[in-house]
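Letter by letter, the chains look like this.
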Amino acid sequence: IKQIAAGEVIQRPLNVVKELIENSIDAGSEKIVLKIENGGFSVIRIEDDGCGIARDDLINACQRHYTSKIKNFSDLMSISTFGFRGEALFSMSCCAHVSITSKTSNDAKGYFAKYQDGELDGKIEPTYAINGTIIEIRDLFYKDQIRIQEKSKANDERKKIKDLILDYSVVYPHIAFIFYSGDREMYRSFGNSTYENV
């Protein structure tokens, strides 16, 4: 059931990148760095300088329907984020190896956690980190032999991800976006623009 649910949300690396970028934007990030390998099938790593994820929220971060974006029922009347259903991270953890490193401004140190099938895998470990969040998705679709064959389309996927980054950088000119494919920088915006001078 988890695999079917994940397949509905995550059909290709582009879906993962879109969800992670939107989470970073919702976190109030001013700089978002995306790195992929093999078109995102092998590695998708996103690093932001947003508000971070508190340790207590890391415990449940990949559980289905979990969200920190709404606290009570009345919040549903004034939603100002991209989403809050908690499906994306859950789905990623069901079809890839997921790890999160995060630190909030209220914490003296950061925390690292790994996830599998929507559940915390092991313990949350303290670690050095700067304010913000790093999410790493490795071996996308490693459980699905049919989707693994899609890796032959890695170049096409890289191009689509670059186009997505370009779109976000136009809509959010105040955010710096940096995109790497392997060790090669594919795109960079400086985040100090407005709509008028983009």
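Asks: When you look at the overall build of the protein chain in this model, what are you seeing that I'm missing?
Replies: Counting its secondary structure elements, the protein chain contains six helices and nine strands. Across the 198 residues that make up the protein chain, the buried fraction comes to 43%. Within the protein chain, contacts between residues separated by at least 24 positions form 65% of all contacts whose residues are at least 6 apart in sequence. Put simply, the protein chain shows about 10,800 Å² of open surface, and 49% of that area lies on carbon and sulfur atoms.

Asks: Explain the pairing of strand β8 (residues 176-181) to me, please; I cannot follow it from the model alone.
Replies: For β8, the tally of buried residues reaches six of six residues, placing the bulk of the element in the interior. What you see with β8 is no split at all: A176, I178 and Y180 on one side and F177, F179 and S181 on the other are buried throughout. Across six bridges, strand β1 (residues 31-37) lies against β8 in parallel orientation. In the sheet register, I32 faces β8, and the bridge partner there is F177. Pairing between β8 and strand β9 (residues 184-188): four bridges, direction antiparallel. Pairing of Y180 across the sheet is with E185, part of β9. Connecting the antiparallel pair β8 and β9 is a turn made up of two residues, with G182 showing a positive phi of about 65 degrees.

Asks: What exactly am I supposed to notice about helix α2 (residues 13-26) here?
Replies: Two residues of an α-helix separated by three or four positions point the same way, owing to the 3.6 residues in each turn. Between the first and last C-alpha of α2 there are 20 Å, a value that for 14 residues agrees with the 20 Å anticipated at 1.5 Å per step. Residues P13, L14, V16, V17, L20, I21, E22, S24 and I25 constitute the buried set of α2. Buried residues belonging to α2 abut β1, β2 (43-48), α4 (88-95), β7 (132-138), α6 (154-171) and β8. At the exit of α2 stands G28, carrying a positive phi of roughly 80 degrees.

Asks: Can you walk me through the packing of aromatic side chains in this structure?
Replies: One pair of aromatic rings is described through two measures. These are the centre distance and the angle between the planes. Enumeration according to the criterion identifies two aromatic pairs in this entry. Centre to centre, the rings of F41 and F141 are 6.5 Å apart; their planes meet at 55 degrees, and the pair counts as tilted. Taken together, the residues F41 in the loop between β1 and β2 and F141 in the loop between β7 and α5 (145-148) connect sequence positions 100 residues apart. In this structure F141 comes out as buried when scored by relative accessible area, which is 3%. Over the face of the ring belonging to Y180 we find K35, whose NZ or CZ atom lies 5.4 Å from the ring centre. Of note, R55 hangs over the ring of Y111, and the distance from its end group to the ring centre comes to 5.8 Å.

Asks: Just checking my understanding: could you explain the side chain of T101 for this structure?
Replies: Tracing the sequence through the fold places T101 in strand β3 (residues 97-103). Judged by its relative accessible area of 16%, T101 is buried. Ignoring any residue separated from it by four or fewer positions in sequence, one finds T101 in contact with Y111, F112, T127, A129, G132, T133 and I134.

Asks: Before we go on, may I ask you to explain the pattern of salt bridges in this structure?
Replies: Between side chains of opposite charge, pairing is possible as soon as their charged atoms come close. Applying the stated rule across the entire model yields seven salt bridges. Across the salt bridge formed by E47 and R45, the nearest N and O atoms sit 3.2 Å from each other. Exposure remark for E47: the relative accessible area of 25% places this residue in the partly exposed category. Judged by its relative accessible area of 22%, R45 falls in the partly exposed class. The partner of R45 in a salt bridge is E136, with the nearest N and O atoms 3.6 Å apart. One end of the pair, R45, is in strand β2; the other, E136, is in strand β7, with 91 residues separating them in the sequence. Classification of E136 by relative accessible area gives buried; the value is 17%.

Definitions and cut-offs
Residues numbered from 1 in each chain as written. Predicted model: local features only at pLDDT ≥ 70, side-chain atom pairs only at ≥ 80, totals over all residues. Heavy atoms only, no water. Helix = DSSP H or I, 4+ residues; strand = E, 2+ residues; numbered from the N terminus. Buried < 20%, exposed > 50% of the residue type's maximum accessible area, 1.4 Å probe, protein only. Contact = heavy atoms within 4.5 Å. Areas by Shrake-Rupley, 256 points an atom, 1.4 Å probe, with all protein chains shown as cover. Pairing = 2+ DSSP bridges. Expected span 1.5 Å × (residues − 1). Phe/Tyr/Trp six-rings, centres within 6.5 Å; stacked < 30°, edge-to-face > 60°. Lys NZ or Arg CZ within 6 Å of the ring centre and 35° of its normal. Salt bridge = Lys/Arg side-chain N within 4 Å of Asp/Glu carboxyl O.

Taken by themselves, the reported measurements are silent on function.
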